[in-house]
Amino acid sequence: MRITVSGLPGSGTTSLSRYLAERHGFTMISAGEVFRQLAKEHNMELARFGDLARNDPSYDKMIDARQKEIAEASDNIVIEGRLSGWMVDNADLKIWIYAPIGCRIKRIAFRDQVGDEETAKGLTLEREQCEADRYRSYYDIDINDLSIYHIILNSEHWDVDGLGAIIDTAIARLNPVK
């Protein structure tokens, strides 16, 4: 089984992906892990590799291609990343995690230890716009088009166990016991 988990920053994609990997014995791969792996392969610190990626589209495309390659060659995998639902054509289940901006900002400010929520909001909205522009430019993807997803969940209403229970049910229905 191949499952993609996508969503905007602070929506809870990593938490849900970890839950699914642990609960079902799946391998988890995230865009962030691929980014770190490629930086290591290029003998670069993360910050330097990040600067290169910001200024050269080939790095983003390399990260996306690597994640797609790993995902499509693997079974029983959870692929977490903003574009994973778009990139992994043979996914059995594509999930989008939504959370309102206020909820996400509180999470991001806490997680990233940003001094205040207004700063976190400004940085997050700038990042989201930059990413949306890149996705449209590189791949003609509208990140706001959720029509490709099988399930869209609001993580403000459920904690990771609640989200996981919903997805556990979906997985069971996709793979009924014979």
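The following refers to the structure shown. (Residues numbered from 1 in each chain as written. Predicted model: local features only at pLDDT ≥ 70, side-chain atom pairs only at ≥ 80, totals over all residues. Heavy atoms only, no water.)

1. Some remarks on the pattern of salt bridges
On inspection of all chains with the given rule, the structure shows 10 salt bridges. A salt bridge links Arg2 to Asp75; the nearest nitrogen and oxygen atoms lie 3.1 Å apart. Here Arg2, found in strand 1 (residues 2-7), pairs with Asp75, found in the loop between helix 4 (57-72) and strand 3 (77-80); they are 73 residues apart in sequence, far enough to count as distant. Looking at Asp75, the relative accessible area reads 56%, which means it is exposed. Between Asp142 and Arg136 there is a salt bridge; the shortest N-O distance is 3.6 Å. Three or more residues are tied together by salt bridges with common partners; here these are Lys68, Glu72 and Asp89. (Salt bridge = Lys/Arg side-chain N within 4 Å of Asp/Glu carboxyl O. Helix = DSSP H or I, 4+ residues; strand = E, 2+ residues; numbered from the N terminus. Buried < 20%, exposed > 50% of the residue type's maximum accessible area, 1.4 Å probe, protein only.)

2. Re the packing of aromatic side chains
This structure, assessed with the given rule, holds 2 aromatic pairs. Ring geometry for Trp96 and Tyr149: centres 5.3 Å apart, planes at 55°, overall tilted. With Trp96 in strand 4 (residues 93-98) and Tyr149 in the loop between helix 7 (117-139) and strand 5 (151-154), the pair connects residues that are 53 residues apart, well separated along the chain. Note on accessibility: Trp96 and Tyr149 belong to one class, buried. Seen from their ring centres, Tyr138 and Tyr139 are 6.0 Å apart, and the 85° between their planes marks the pair as edge-to-face. (Phe/Tyr/Trp six-rings, centres within 6.5 Å; stacked < 30°, edge-to-face > 60°.)

3. Quick word on the sheet that holds strand 1
Note on sheets: strands pair through backbone hydrogen bonds, and any given pair is parallel or antiparallel. Ordered in space as 2-3-1-4-5, the 5 strands form an open sheet in which the pairing is parallel. The open sheet terminates on both sides in strands that have one partner only, identified here as strand 2 (27-30) and strand 5. Within the sheet, the average angular offset between the axes of one strand and its neighbour, ignoring direction, is 20°. Bridge count between strand 1 and strand 3: 4 bridges; the pairing is parallel. Bridge pairing in strand 3 places Thr4 opposite Ile79. Strand contacts of helix 4: strand 1, strand 2 and strand 3, with the helix running at about 165° to strand 3, the strand carrying the most contacts. (Pairing = 2+ DSSP bridges. Axes fitted to C-alpha atoms, helices over the stretch in contact; angles between N-to-C directions. Contact = heavy atoms within 4.5 Å.)

4. Describing unusual backbone geometry
One non-glycine residue, Asn76, adopts positive backbone phi at about 50°. Take Asn76: it is sitting in the loop between helix 4 and strand 3. Although it is not a glycine, Asp140 adopts a positive phi angle of roughly 60°. Among the structural elements, Asp140 can be located in the loop between helix 7 and strand 5. With relative accessibility at 63%, the residue Asp140 sits in the exposed group.

5. Some remarks on the nonpolar core
Counting residues in each nonpolar core, the largest one holds 17 residues, and the members touching the most others are Ile3, Leu16, Leu20, Ile95 and Ile167. Of all the secondary structure elements, the ones that give two or more residues to this core are strand 1, helix 1 (13-24), strand 4, strand 5 and helix 8 (160-174). Here this core gets 4 residues from one element, more than from any other, and that element is helix 8. Ile167 has contacts with Leu16, Leu20, Leu93, Ile95, Ile151 and Leu153, leaving out every residue within four places of it along the chain. Core analysis: the next-biggest nonpolar cluster, separate from the first, contains 14 residues, Phe35, Leu38, Tyr59 and Ala91 among them. (Core = buried A, V, L, I, M, F, W, Y, C linked by side-chain atoms within 4.5 Å.)

6. Some points on the pairing of strand 1
In terms of burial, strand 1 is a largely internal element, 6 of the 6 residues being buried. Pairing analysis gives 5 bridges linking strand 1 to strand 4, with the strands arranged parallel. Counterpart to Ser6 in the pairing with strand 4 is Trp96.

7. Describing helix 2 (residues 31-41)
Those residues of helix 2 not exposed but buried are Val34, Phe35, Leu38 and Ala39. Buried residues of helix 2, viewed axially, fall in a sector of 135°; they line one side. (Arc of directions from axis to C-beta.)

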